Amino acid sequence: MSPPYLLLDRLAKTFGAAGARAGAGAGPGTAGDRARPVLDGLTLAVDRGEVVALLGPSGSGKTTALRLIAGFETPDPGGGRVLVEGQDVTGLPPARRNFGMVFQHYALFPHLTVGENVAFGLEARRLDRGQVRARVAAALALVDLPGFERRRVGEISGGQQQRVALARALAPEPRVLLLDEPLSNLDPALRERTRRELRRAIRRVGITTLLVTHEQEEAFYLGDRVAVLEGGVLHQAGTPGELYDRPATRFVATFVGRASVLPGIFEGDGDGGNGRVRLRLDGPATAAAAVAADGPGAAGSTATGPGAGGTAAGDVAWPGVAAEPLAAGEAVELVVRPEALALVPAGTAGALAGRVVERRYAGPVTYYQVELAGAGLEIEVAAGAGAAAPGDEVAVAPAAAALAGAAGATGAAGRIFRSAPRGQA
Amino acid sequence: MTQGLPSPGSLQRLAEPRPGPPFASASSPPSRWFPPLLRLPSLPRVPLLGAAGLAVLLAWLVGYPLLLTLVESFHGPSGWTAHWFADFFRRPDEWLALWRSLWISLASVALAAAVGVPLAFIFERADFPGRRFLGAVAALPVALPPLVGVIAFLFLYGESGFVSRAVQALLRLDHAPWRLAGPGAILLVHTYSFYVYFYLFTRAGLARQDAALLEAASSLGAGAARRLWRVTLPLLRASLVTAALLTFMTALASFSAPYLFGGGFRVMPTQILASKLNGDRPMSQVETVMLAAVALVGLWASQGTGAGGAPASGVRGVAPARRRVGAPLTRAAVAAAGYALALVLLLPHLVMALISLVPAGTWIAEPFPPVLNFRNYAQLGDREHLRPIVNSLWMATAATAAAAALGLAAALAAVAARRRAGQPGGRLPGRLAGRLGSRLAGRLGSMLGSRLGGALETLVGLPWAIPGTVFAIALATTFSVDAPWLGRFVLIGTPVLLPLSYLVRSLPLTGRAALAGLRGMDPALAEAAAALGAGRLRTLRRVTLPQLRPALAAGAGLAFITALGDFVTSIVLYTYDTRPISIEILANVQLQDLGMGAVYGVLLMAGSAVAFLLWSPAEGR
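Residues numbered from 1 in each chain as written. Chains lettered and ligands numbered in written order. Predicted model: local features only at pLDDT ≥ 70, side-chain atom pairs only at ≥ 80, totals over all residues. Heavy atoms only, no water.

Draft legend 1. Quick peek at the overall build of chain B. Secondary structure assignment for chain B yields 26 helices and four strands. Out of the 621 residues belonging to chain B, those deemed buried represent 49%. Sequence-distant contacts, at least 24 apart, represent 77% of the contacts inside chain B between residues at least 6 apart. Total accessible area on chain B stands at roughly 29,400 Å², and carbon and sulfur atoms take up 67% of it. (Helix = DSSP H or I, 4+ residues; strand = E, 2+ residues; numbered from the N terminus. Buried < 20%, exposed > 50% of the residue type's maximum accessible area, 1.4 Å probe, protein only. Contact = heavy atoms within 4.5 Å. Areas by Shrake-Rupley, 256 points an atom, 1.4 Å probe, with all protein chains shown as cover.)

Draft legend 2. How the structure looks around the sheet that holds strand β20 (residues 393-398) of chain A. Residue and element names in this part refer to chain A. Spatial strand order, β16-β20-β17-β18-β19: five strands in an open sheet with antiparallel pairing. Single-partner strands in this sheet number two, and they are β16 (341-344) and β19 (378-383). Shown here is a sheet whose adjacent strand axes are inclined to one another by a mean of 45 degrees, direction ignored. Taken together, the six bridges between strand β18 (residues 365-372) and β19 define a ladder with antiparallel strand orientation. Note on β19: the bridge partner recorded for Q369 is E380. (Pairing = 2+ DSSP bridges. Axes fitted to C-alpha atoms, helices over the stretch in contact; angles between N-to-C directions.)

Draft legend 3. The interface of chain B and chain A, seen in detail. Taken together, the contact pairs 20 residues of chain B with 21 residues of chain A. Surface buried jointly by chain B and chain A totals about 2,000 Å² across both partners, of which 62% is contributed by carbon and sulfur atoms. Its largest share of buried area at the contact with chain A, chain B owes to E215, L220 and R230 of chain B, together 31% of the area lost on that side. Across the contact surface, chain B and chain A share three salt bridges. Salt-bridge contacts for E123 of chain A lead to R230 of chain B; the nearest nitrogen and oxygen are separated by 2.1 Å. (Buried area = accessible area lost by both parts, 1.4 Å probe. Salt bridge = Lys/Arg side-chain N within 4 Å of Asp/Glu carboxyl O.)

Draft legend 4. Expanded view of the packing of aromatic side chains. For the structure on display, the rule yields 20 aromatic pairs over all chains. The interplanar angle of 85 degrees and the centroid separation of 5.1 Å between the aromatic rings of F88 of chain B and F89 of chain B together place this pair among those described as edge-to-face. Where F123 of chain B meets Y199 of chain B, the ring centres are 6.0 Å apart and the plane angle is 85 degrees; that geometry is what we call edge-to-face. In this pair, F123 of chain B is assigned in helix α4 (residues 92-125) and Y199 of chain B in helix α8 (residues 182-208), connecting sequence segments 76 residues apart. Note on accessibility: F123 of chain B and Y199 of chain B belong to one class, buried. Pairwise contacts between aromatic rings join W60, F479 and F489 of chain B into one cluster. Its end group placed over the ring of F120 of chain A, R226 of chain B keeps NZ or CZ at 4.5 Å from the ring centre. Note that R579 of chain B overlies the ring of Y576 of chain B, its terminal NZ or CZ placed 4.1 Å from the centroid. (Phe/Tyr/Trp six-rings, centres within 6.5 Å; stacked < 30°, edge-to-face > 60°. Lys NZ or Arg CZ within 6 Å of the ring centre and 35° of its normal.)

Draft legend 5. Structural view of the packing of α4 of chain B against helix α13 (residues 268-277) of chain B. Residues and elements named next belong to chain B. Contact geometry for α4 and α13: axes closest at 8 Å, N-to-C directions at 145 degrees. Listed contacts from α13 to D93, E94, A97, L98 and S101 of α4 are M268, P269, Q271 and S275. In the contact of α4 with α13, the residues fall into four nonpolar, three polar and two charged. (Nonpolar A, V, L, I, M, F, W, Y, C, P; charged D, E, K, R; others polar.)

Draft legend 6. Spatial organisation of the side chain of R191 of chain A. Residue and element names in this part refer to chain A. Tracing the sequence through the fold places R191 in helix α6 (residues 188-205). Reaching out from R191, the side chain makes a polar contact with the backbone oxygen of L186 at a distance of 2.9 Å. Those residues in contact with R191, other than ones at most four positions away along the chain, are L183, S184, L186, E215 and E218. (Polar contact = N/O pair within 3.5 Å; in protein donor to acceptor, adjacent residues only side chain to side chain.)

Draft legend 7. Expanded view of the environment of F417 of chain A. Position of F417 of chain A relative to the elements: it lies in strand β21 (residues 414-418). Spatially, the C-alpha atom of F417 of chain A lies 30 Å from that of P364 of chain A, the residues being 53 residues apart in sequence.

Draft legend 8. Seen up close, the sheet that holds strand β9 (residues 225-230) of chain A. All names here are of chain A. In spatial order, the strands read β6-β7-β8-β3-β9-β10; together these six strands make up an open sheet with mixed pairing. Two strands close off the open sheet at either side, each with one partner strand: β6 (99-102) and β10 (233-238). With strand direction ignored, the average angle separating the axes of adjacent strands in the sheet is 15 degrees. Taken together, the five bridges between β9 and β10 define a ladder with antiparallel strand orientation. Note that in β10 the partner of L229 across the bridge is L234.

Draft legend 9. The arrangement of the pairing of strand β15 (residues 331-336) of chain A in detail. All names here are of chain A. By the criterion of burial, β15 is predominantly enclosed, with five of the six residues buried. Across six bridges, strand β11 (residues 259-268) lies against β15 in antiparallel orientation. By the bridge assignment for β15, I265 is matched with A331.

Draft legend 10. Expanded view of a nonpolar patch on the surface. Residue and element names in this part refer to chain B. Judged by side-chain polarity, L67, L70, V71, F74 and W80 come together as a nonpolar surface patch covering roughly 480 Å² of accessible area. Considering every element that reaches the nonpolar patch, the biggest residue donor is helix α2 (residues 48-73), with three residues. Checked against the element boundaries, L67 lands in helix α2. (Patch = residues over 30% accessible without salt bridge, like charges linked within 9 Å, V, L, I, M, F, W, Y side chains within 5 Å.)

Given below as structure tokens:
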């Protein structure tokens, strides 16, 4: 098996006083210590030509990881390495790594024209003027900005600035391309269009790319694989399908896509795999709620209702797939996708009673927010446009297609995770 | 009925047209002088005629004296003549003085930049013990009045100065190791006095730079030197050019150092004074015109170098983090060098304070004053000794207040005139607009508004571009003749002329501060006030002026400091009764009463420092 083209080997970064003492063994909790571990042993392998998106909420360490790769930050002493084609570049200054970078705010040189910006990285290559001119023209053509050489940076639009920044990063033919939230500065309509153009340009060049984003849709669209970070820890790296259908951790399950979290007790053989969760919807200590995974801040569960007392749903057990080894009787959480649930007639066996509190039309599917009876919890169900109206009394059960193991379905209502300790999401 | 909606009756009332303009009485007809399009909520109604009147006033104060001086320099007993100019170019000492002014100014720029720019980089990009304190000390020369600084240099580095004597003793020399005279001495004083412009402007420029630009350059393979040359310095261009222009103009107009140290090395300001004192008034006017011409050429030359402002980067970010000097030995060395520099910069202030404690006649030949007490300060209780202080205070205060009011009015009028120039429709009075036709009236009004705004801005800024000696001579020329129908009155010899010169010289500081403040204001604030029912004057009083207060205070503070320590115009225009502190310092020095001269110097330094601390913006980092 060939070594990866780009390897991030146990990268660690702590900001604050303890960052400098980390190698000396000073641990957290030292008196007067204001250390903030931002990245905790990130290990990630990227193949040649692959596009990997680092996805996570604010403060997850993804930008720090990118800056460590670029060389603008240094890892803690003993805090990991960055290897490219087997070469350890950790100690190299940014100017000598031959990595191209597109900054969040583009960082175009305002005193230079577009052509001069793009040519900047070529100046040290000892190319003659004709070669530089040709490379600049090629780079601008790649991003669909031919003939823009003489324009001033302040005269072009935000989308064009973003493309010039990309052309500038690509012109010196770097080994790795790093993108720091490349589309965050653009309005939604422009972002959509630029996203397509960015993907086309990267694919055309075939360069190994790492991009940082907090937008799930962007990560899924641009990345061959997506690495989900939270709290400086890599939770899972996989294809969009793997992350969505087989999330490895509760965080990934709730951060990626839309999900509801239901507390319960595990009923299974203890070796992982298929099992059942006897739902216990009886209090705020284990309360969970439907989570919309549309962007940062969506991770985690919050109780949205009183949750005190109410109906114990101990007679209802839903099937799921254990994401980790679990023991029978263990407190767990069942994370279900809206499309894995269905609105069924009241009184259906195995269904939970509730009331529709909100309906959100989203084109081919409508999302129904259902407040479960007596539980103070809300879950989200995907159904047809006219399935119910706000205020209707309904029942919710795992969708027949999911249970029957229809094509693409797991044969389970959702993924089962060990319950997070109190106070943790 | 759904809750929250107004009742049908109230909706109907809201839909009915209101009778007449909001603030007019029911019986007054709509104004024909101010069509609706001219109603700018942000500024009071400044009719075109009012702005024009203000422009005429400023032209009389600023432009007229210069124009008169130019005209009279071409006027002889028998009418128009170029004789005086021919005479100027025939006399080697005249064009030599002009040439010396030019090269001394250029050399001052180079030396000030050589000191100020590296200092700015050190204090803005490095972190070491005492950085904040030393960074503030490095700006000290800005609070040292020109004449006081020169005299302090005399006490320190003159042949009998403390430092000279110390070096002489250390090296066991028979004579002083150097002689503080001629162009070298002038350049030394200029470097000390003017490096602070480069230091402050460069620091401000560095603080505004985005770290991402340097990181981008780094990611593109640029090493430290290339980043400095291709990114940092080009982005500092506006700051450097502004500092260079300020240094050039100030050096060109410099009087104190050439007067005290120049000796036979005359520059134009000292040449002008010499001609005036010799009674050669026509030659002094020609010299004034030539010096003004050089200043304007310098100003014009700088316009093409991008001093107008930094290019818009469209990037929002933070300045690069300061690099911590890590190695203990290096940190100690840097800190030691910093404190040594602070001592050197503080020496003029310290020596003035020391000399102020030396009673007259007690220090003859000793290396160090043998007697130190507060007897000199006690003399301030005497009315005659107090008079220069009172004179300086009232003249500086009156001039600053008037300059602040005039500068603000001119800025408001200029901005309003320019805004109206950008609007469709007429801005001429209704009857005139009617006669001309709306289209022609629109074009004419637009042109007038734009030109008027430009004229006001130019007149407010012009005194900055002209050396103080030039203005002094111009004012003396203008206001020495009784011809009211020509706008000339005899003010020479009166208490009015000197504060008037301070006012003119302060206008650029207050006017440009007000202009900058107005342009930086969010127009939405005044619009919000208007939407809440505030009229123009109330908006000005409650919204615009409070927003402008920091800028105006900074401008007024600088204007006060400049007027308080002024020497250049004072030496041309003062009378015995109006003599300010600077003249009194010079007189005491010439009478060998160094201690009393130093007392005034200390008071001037203290006053400038207090004003600087009160009105200067706090350091952000």
